[in-house]
Amino acid sequence: MHSEDYEPMKEKTPLTMKDIAREFGTSVATVSRALKDSPRISAERRAAIQQYAREHNFTPNVIAESLRYSRIQPMKVIGVIIPEFTHFYFSSVLAGIEEEASARGYRIMVAQSNEQYEREVRICQSFYENKVCGIIVSQAKDTHKYDHFQRLIDEGVPLVFYDRICTGVNASRVVVDDYMGAFNAVTYLIETGCRRIAFYGSAFTLEISKNRFNGYKDALLKAGLSYDESLTRICDNRTDAEAITPELLKGGIAPDGFFAVNDDTAIGILYTAKRLGFKIPRDISICGFTNGQRAVACDPMLTTVEQRGMKVGEEAADILIGHAEGVIPIDKAERRIVRTRLIIRGTTR
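Counting restarts for each chain, with residues numbered from 1 along the sequence as it is written. Thresholds applied to this predicted model are a pLDDT of at least 70 for local features of residues and 80 or more for the giving and counting of side-chain atom pairs; totals over whole chains, interfaces and linings are not thresholded and use all residues. Side-chain metrics rest on all non-hydrogen atoms present in the structure, leaving aside hydrogens and water.

### Here we look at the packing of aromatic side chains
The condition is simple: Here a Phe, Tyr or Trp ring, Trp counted by its six-membered ring, pairs with any other such ring whose centre lies within 6.5 Å, and the pair is stacked when the planes are under 30 degrees apart, edge-to-face when over 60, and tilted otherwise. To qualify as a helix, a DSSP run of H or I must reach at least 4 residues; to qualify as a strand, a run of E must reach at least 2; elements of each kind are numbered from the N terminus. To sort residues, take the accessible area from a 1.4 Å probe on protein chains only and compare it with the maximum for the residue type: under 20% means buried, over 50% means exposed, and anything in between is partly exposed.
Enumeration over the complete set of coordinates arrives at 14 aromatic pairs. Measuring from ring centre to ring centre gives 5.5 Å for F24 and Y52, while their planes differ by 90 degrees; the resulting arrangement is edge-to-face. Pair noted here: F24 is in helix 1 (residues 17–24) and Y52 is in helix 3 (residues 43–55), with a separation of 28 residues, a long-range link. Measuring from ring centre to ring centre gives 6.4 Å for F90 and Y162, while their planes differ by 70 degrees; the resulting arrangement is edge-to-face. Here the residue F90 occupies a position in helix 5 (residues 88–103), and Y162 occupies one in strand 4 (residues 159–162), the gap between them amounting to 72 residues. F90 gets classed as buried once you look at its relative accessible area, which sits at 2%. For Y162, a relative accessible area of 0% puts it in the buried group.

What follows is the structure, given as structure tokens:
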């Protein structure tokens, strides 16, 4: 299926609450209240909006609406989109979501995007058709268009982003303090003697990569070290790290420190450096970002920024349920930041 041939939700919902709001020159919240016959809206305005909706065969998301206006719900299901099940961070976020949801009487429906835009679009469509009360999502690396997310918002489906947020739509989000996590980690590398620190990150189309890169760069500048573009690589997995690191370590003046966007990449750097005869951390210091199980399974154990995935998941579920039950207005984008901390182990001096 080609993305240009796919229009999410079009056949099911030819009209959205946002369309009705535009027609009447009012807000989505006002349209929602009018369709629920709220006395807060004038009888004349209510009748006009309701008639327009009937004439255009408008169908709201029944489950989401019932959750917002009733304390008794027949079905409370949250859709969750994970980029990759195999990544420790995403599995820990999922555990946090499930724990918070379960404690509050909700179930979760989980799907993996496999980092593919078209698959993500299809999952959103499927969740919508299954009438989930809202969706928690970390966007795929491959996602560069956001129509499928905006369509859900227009339909009044609560949407909460975590980790990889979508800046193209106005939706609730939970992130870790990527900038400060990177800034503090690189500052520590500098304070323990590193002067040529390489940065391995994801594509800069992802907000988290931009934030971590900015933290890395600002830490250098604050310490009076100049930024060297030749020490920056787009690399966010172990396989690629093992492929490109020899070039850096063998050519010219080798880096004496590495800051990697995640633990797997850092571990790829670690084993490549050891294989080439470097002593860790005497010759090279290495810092990752996640603090997953692999961080303590390598030799030496990895210094890393703890990302607190469980807490991120709990916060995301709390916001989603707040939207679904009307505690947080559907048109209010809630933003929460989970603090990181540097875990110092054997890969740094």
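### Digging into the packing of helix 6 (residues 117–129) against helix 7 (residues 147–154)
The packing of two helices is summarised by the inter-axis angle and the distance between the axes. Condition: As a rule, the C-alpha atoms of each element are fitted with a line to give its axis, helices using only the stretch in contact, and angles between N-to-C directions run from 0 to 180 degrees. Angles are sorted into four bins: roughly parallel if under 35 degrees, roughly antiparallel if over 145, roughly perpendicular if 65 to 115, and oblique for all others. Crossings are assigned a handedness: left-handed for a near helix turned anticlockwise from the far helix by less than a right angle, right-handed for a clockwise turn. Residue contacts are counted whenever heavy atoms from the two residues lie within 4.5 Å of one another. When residues are sorted by character, Ala, Val, Leu, Ile, Met, Phe, Trp, Tyr, Cys and Pro go into the nonpolar class, Asp, Glu, Lys and Arg into the charged class, and all the rest, Gly among them, into the polar class.
One can describe the packing of helix 6 onto helix 7 by two numbers: an axis separation of 9 Å at closest approach and a directional angle of 15 degrees. Judged by the angle between their axes, helix 6 and helix 7 are roughly parallel. Of the two elements, helix 6 crosses helix 7, and the hand of that crossing is left-handed. In contact with Y117, E120, V121, C124 and Y128 of helix 6, helix 7 contributes H148, F149 and L152. For the contact of helix 6 with helix 7, the residue count by class is 6 nonpolar, 1 polar and 1 charged.

### Let's talk about the sheet that holds strand 9 (residues 285–290)
Threshold: At least two DSSP bridges between two strands are needed for those strands to be called paired.
Sheet architecture is open: 6 strands sit in the order 7-6-8-9-10-12, paired in mixed fashion. The sheet terminates laterally at strand 7 (232–234) and strand 12 (341–343), the two strands that pair on one side only. Pairs of neighbouring strands in the sheet enclose a mean axial angle of 20 degrees, with direction left out of account. Of the strand pairs in this sheet, strand 9 and strand 10 (residues 303–306) are connected by 4 bridges, and their pairing is parallel. Residue pairing for strand 10: T290 is matched across the bridge by E306. Its contacts with the sheet put helix 8 (residues 178–191) on strand 6 (197–201), strand 8 (257–260), strand 9, strand 10 and strand 12, and the angle it makes with strand 9 is roughly 165 degrees.

### Overview of the pattern of salt bridges
Put simply, the test is: Any Lys or Arg side-chain nitrogen located within 4 Å of an Asp or Glu carboxyl oxygen qualifies as a salt bridge.
Taken as a whole and judged by the stated rule, the model has 20 salt bridges. For the salt bridge of K311 with E315, the shortest nitrogen-to-oxygen distance reads 3.0 Å. With K311 and E315 both in helix 12 (residues 309–324) and 4 residues apart, the pair spans about one turn of that helix. You can call K311 partly exposed: its relative accessible area is 31%. Given the relative accessible area of 16%, E315 is considered buried. Among the salt bridges present, the one from R336 reaches E315, with a minimum N-O distance of 2.6 Å. In this pair, R336 is assigned in strand 11 (residues 335–338) and E315 in helix 12, connecting sequence segments 21 residues apart. By sharing partners, the salt bridges in this structure join E100, R104, K311, E315, D318, K332, E334 and R336 into a single network.

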